[in-house]
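Spelled out, the chains give:
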Amino acid sequence: MRPAKAVIDLAALRNNFNVAQQAAAPAKAIAVVKANAYGHGAVRIAQALNDTVPAFAVACIEEAIELRENDVTKPILLLEGAFEQTELALCAEHDFWIVVENDPQLEALLNSNLKAPLTVWVGIDSGMHRLGINKDNVSSYINKLEASPNVKGEVVLASHFASADELDNPMTVNQIAHFKASIDGYKRPTSLANSAAVMAWPDSHGDWVRPGYMLYGNSPLDRDHQNDKQLLPVMNFTSAIISIRDIAVGESVGYAESWTATRPSQVATVAIGYGDGYPRHAPSGTPVLVNGVRAKLVGRVSMDMITVDVTDLQDTKIGDEVTLWGPELSVNEVASCAGTIGYELLTRMPLRTPRVYVD
Ligand SMILES: *Cc1c(COP(=O)(O)O)cnc(C)c1O
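Everything quoted here is computed from the prediction, not taken from an experiment. (Residues numbered from 1 in each chain as written. Predicted model: local features only at pLDDT ≥ 70, side-chain atom pairs only at ≥ 80, totals over all residues. Heavy atoms only, no water.)

> Kindly report on the site of the ligand, identifying the contributing residues and their values.
The environment of the ligand is made up of Val-32, Lys-34, Tyr-38, Leu-79, His-160, Asn-194, Ser-195, Arg-210, Pro-211, Gly-212, Tyr-213 and Tyr-343. At 2.7 Å, a side-chain N or O of Lys-34 approaches an oxygen atom of the ligand. Measuring from an oxygen atom of the ligand, one finds a side-chain N or O atom of Tyr-38 at 2.5 Å. When grouped by side-chain class, the residues that make up the shell around the ligand number six nonpolar, four polar and two charged. (Near = heavy atom within 4 Å. Polar contact = N/O pair within 3.5 Å; in protein donor to acceptor, adjacent residues only side chain to side chain. Nonpolar A, V, L, I, M, F, W, Y, C, P; charged D, E, K, R; others polar.)

Written as structure tokens, this is what we have:
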């Protein structure tokens, strides 16, 4: 069997949820499990949290239905609401909560004849300018929705941050102020915070927070913060060495001969590649761990293999374990070498890579 795998630590996941919940209390934390739980496997992740969380959040109804078909019983919030009116009946049937953030979504809900009323969140644009209604429409949305037989009780007023990961950026404070001004006079439950805001912007917490990335054990923040110390990376992405060879000075390794030995070198070939979710853009010098010791990627990342300079390591042999990221090597560090963020590396992990769950 090919040694490439992503070991998923469900105890670490539960720890991270508790960290988020404690940081946010008395607000309640909704576990965001969109995009296959950021690559960790949405069904197993949601099953592991089902008894602990008040609700889950996903990006679309297809993701929510998959969870419902697999014993996930808690309410599931659709973060972008319904894409089509026909989805609303399914929301009523399955206890999916919806966000309403534009006029077509509002009209579709008001014009439906649902078997049961839905829990509705109103998405307000507080400055990110991607989704959400404007300040001026808040009162009419609240009034129309709460008068509708398709809406259960009071709506939740929600927004989303553009730059909460940047601790020195005044944008988040401005968005909180804009949001407060938008909902002026309305005493409704509120929800603003993603992981970064759960960790670093307590003024944003409101009644519901929506942590995603932090649940998987990595910090979204642009620098160290007291709240990142308790997070435990959930994924340990590993494979093994399948070949080792000596490379003479002037010889190159891999596609396009992108790396050439400048000293007599020993290079190990590892069974992992971009077909497993390792970023093809990772340049020579990107860190990996060989038997827990740092070494450097050299040459081009192939679909199924990478090559690593192990010249300075002792007694490296075929079969030795190689860690691409995990508790001892942050996915954020690897991502920054590859010019992206840990979110992308995790969510792009393909199904080929087996997820192995431990508890
Ligand atoms: C994805 C998402 C979240 C979670 O964001 P993280 O940075 O992963 O915590 C929260 N709210 C909304 C609306 C989202 O789309």
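Back to the write-up after that little detour.
> Quick rundown of the state of the cysteines? Include the residues and the values.
Enumeration over the complete set of coordinates arrives at zero disulfides. Here Cys-60 stays unpaired: no disulfide links it, and the sulfur of Cys-91, its closest cysteine neighbor, is 11 Å away. (Disulfide = S-S within 2.5 Å.)

> Before we move on, can you summarise the packing of helix H6 (residues 103–110) against helix H7 (residues 138–146) with the specific residues and values?
Between H6 and H7, whose axes approach to 10 Å, the crossing angle comes to 15°. Classified by the angle their axes make, H6 and H7 are roughly parallel. Viewed along their axes, H6 and H7 form a crossing whose handedness is left-handed. Across the interface between the two elements, Asp-103, Leu-106, Leu-109 and Leu-110 from H6 touch Tyr-141, Lys-144 and Leu-145 from H7. Residue composition of the contact of H6 with H7, grouped by class: five nonpolar, no polar and two charged. (Axes fitted to C-alpha atoms, helices over the stretch in contact; angles between N-to-C directions. Helix = DSSP H or I, 4+ residues; strand = E, 2+ residues; numbered from the N terminus. Parallel < 35°, antiparallel > 145°, perpendicular 65-115°, else oblique. Left-handed = near helix turned anticlockwise from the far one by under 90°. Contact = heavy atoms within 4.5 Å.)

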